[in-house]
Amino acid sequence: MLITKGRRAVAAIAAVALLATAGCGDDKDDKPTAAGPTTVTYLPGFGIIGQDAYIYVAIEKGYFADAGLEVKVQPGAGTDKNLQVLLADQATFATVDMAGAVIAYSRAIEKGQQDQAAFKIISSVYQRSVSSITTLEGRGISGPKDLAGKTIGYQPGGVNFTLFPAYAQLAGLDAKTIKWQQAPPPQLRPLLASGQLDAITETVIGTPGVEAAAKGKKAKVLPYSDVLTDLYGNVIVATDKTIKEKPELVRAFREAALRGLVYAIEHPDEAGQIFNKHQNAYKAEVAAAETRLMTEYVRADGSDQVGALDSARVARTLALLQSLKQVQPGIKPEDVVDFSIATPYTPTT
């Protein structure tokens, strides 16, 4: 867990109440003052890996401090677990996969668990899905159908596992032929490298990290986006309560994070070095390589604008997931996205 030292507080943020950090239920000392920033807790999508360098860029460059925020970063554990932690008020913001978040929302509504659906997407990170099944060359896997009978490592609650039946259906693979083996996120890449797993659930962005763990062996990536088109990738979420009670804080965090995201993809080598400073077991060059791969997903249409979600496209995503029986009918884009916050961010510098 890493913390920035705030340099100054913005008056607009100082006017709102401080959010409780993980494991802290008493907010009596959480009121921002002119002497200090507002503390928030953030969960990356899956562990803490190179694609998360942009959050540390925003920390190191003082973007969060400029917004009056002090950010505590804790390892993520996949979409389902991240949402559980968020909804338990043990985190303020979390990164999740959009399709996984929509599926979790639908599941909660279907079960009558409205409290488990009390969140909204406030920003995109990736304009298309980065989910994948990743293996190494020489494992006899060149396409989806070659996964039949293979052992794939996964983290329970991760969207790659949740979406795999839909991916398999459209790719012409019988999902029932897969042998699944659970493992914590930090162990998946080493298990693949050692040959104990035939493939793992991963992200396209994580390819450099996979190859580093495999000591130079080339990765073979099977992107979900090849068959599951129109899906957004990672998005940032907050609870309905936080959005309603502290909208200025939500917008401040989002803008600072996106400012860091833009800087990182424009300066990947520096972003890798910053990440290595905070996560020194992760090589700077690997984090830089992952950050380079992010560009085409952050700016999928080549636009300077980042972070936005389009209502019509979200509707198509819902229709796709409904057709695959992953999401129940009747869910609308505005049920899962706060479009008043998830607007395009255009860098000013």
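Within each chain, residues carry numbers counting from 1 in the order of the written sequence. With pLDDT at 70 or above as the cut-off, local features in this predicted model cover only qualifying residues; side-chain atom pairs require 80 or more to be listed or tallied, and sums for whole chains, interfaces and linings still use all residues. The basis for every side-chain value is the complete set of heavy atoms in the structure, and neither hydrogens nor water enter the calculation.

A few words on the overall build of the protein chain. Only runs of H or I of at least four residues qualify as helices and only runs of E of at least two qualify as strands under DSSP, and these elements are numbered from the N terminus. Counting secondary structure elements, the protein chain contains 14 helices and 13 strands. Counting over 349 residues, the protein chain shows a buried share of 57%. Partitioning the intrachain contacts of the protein chain with sequence separation of at least 6 by distance along the chain shows that 80% fall at a separation of at least 24. Here the protein chain has roughly 14,300 Å² of accessible surface; of this, 49% comes from carbon and sulfur atoms. A simple rule labels every residue: compare its accessible area, found with a 1.4 Å probe on the protein chains alone, to the largest value its type can have, and call it buried under 20%, exposed over 50%, or partly exposed in between. Residue contacts follow a heavy-atom distance rule, with two residues in contact if any of their heavy atoms lie within 4.5 Å. Reported accessibility uses the Shrake-Rupley method at a 1.4 Å probe radius. Residues are deemed covered only where the shown protein chains occlude them.

We now examine the confidence of the model for the protein chain. Looking at the protein chain as a whole, the pLDDT averages 88, with 89% of positions reaching at least 70. As a per-residue measure, pLDDT tells how confident the predictor is, with possible values from 0 to 100. Scored below 50 in pLDDT, residues 1-33 shows 75 contacts in the model against residues more than four places distant or in partner chains.

This next bit is on the packing of aromatic side chains. To pair, rings of Phe, Tyr and Trp, with the six-membered ring standing in for Trp, must have centres within 6.5 Å; the planes then decide the type, stacked if under 30 degrees apart, edge-to-face if over 60, and tilted in the middle. Inspection of the entire model under this criterion finds 13 aromatic pairs. Geometrically, the ring pair formed by Phe-164 and Trp-180 is edge-to-face, given 5.0 Å between the ring centres and 85° between the ring planes. Here Phe-164 is found in helix α6 (residues 159-171), whereas its partner Trp-180 is found in strand β10 (residues 179-182), with 16 residues between them in sequence. Between Phe-275 and Tyr-282, the ring centres sit 5.2 Å apart and the planes meet at 90°, which makes this aromatic pair edge-to-face. Residues Phe-275 and Tyr-282 agree in their burial class; the two are buried. Each member of the aromatic cluster is reached from another via a ring pair, and the members are Tyr-154, Phe-161, Phe-164, Tyr-167, Trp-180 and Tyr-224. The ring of Tyr-232 is capped by Arg-313, whose NZ or CZ atom sits 3.9 Å from the centre of that ring. Any Lys NZ or Arg CZ that is within 6 Å of a ring centre and within 35 degrees of that ring's normal is treated as a charge sitting over the ring.

To continue, consider the pattern of salt bridges. By convention in these notes, a salt bridge is any Lys or Arg side-chain nitrogen within 4 Å of a carboxyl oxygen on Asp or Glu. On inspection of all chains with the given rule, the structure shows 12 salt bridges. In this structure, the salt-bridge partner of Lys-277 is Glu-60, at a minimum N-O distance of 2.4 Å. Separated by 217 residues along the polypeptide, Lys-277 in helix α11 (residues 268-278) and Glu-60 in helix α2 (residues 53-60) bring together distant segments of the chain. You can call Lys-277 exposed: its relative accessible area is 55%. Glu-60 sits in the partly exposed class, given a relative accessible area of 32%. Counted as one network, the salt bridges with shared partners bring together Asp-230, Arg-313 and Arg-316.

Moving on, we come to empty space enclosed by the protein. With a 1 Å grid spanning the protein atoms alone, the term cavity applies to any set of points in which a 1.4 Å probe fits but cannot get out, the term pocket to an open set with protein on both sides within 12 Å along at least five of seven lines, and the term lining residue to any residue with an atom within 4 Å of a point. Grid points are joined across faces, edges and corners, and a volume is the space filled by probe spheres set on the points. Tallied over the entire structure, the rule returns 1 cavity of 30 Å³ or more. Of the voids in this model, the largest cavity is the one considered here, and its volume is about 30 Å³. The wall of the largest cavity is formed by Gln-51, Asp-52, Tyr-54, Thr-95, Val-125, Tyr-126 and Asn-234.

Summarising burial for strand β11 (residues 199-203): 5 of the 5 residues are buried, a large majority. Side chains Ala-199, Thr-201 and Thr-203 project from β11 onto one buried face, and the interleaved Ile-200 and Glu-202 project onto a second face that is buried too. In this structure, strand β8 (residues 131-136) lies alongside β11, joined through 4 bridges in antiparallel fashion. Counted as the bridge partner of Thr-134 is Ile-200 from β11. When DSSP locates at least two bridges between a pair of strands, those strands are taken to pair.

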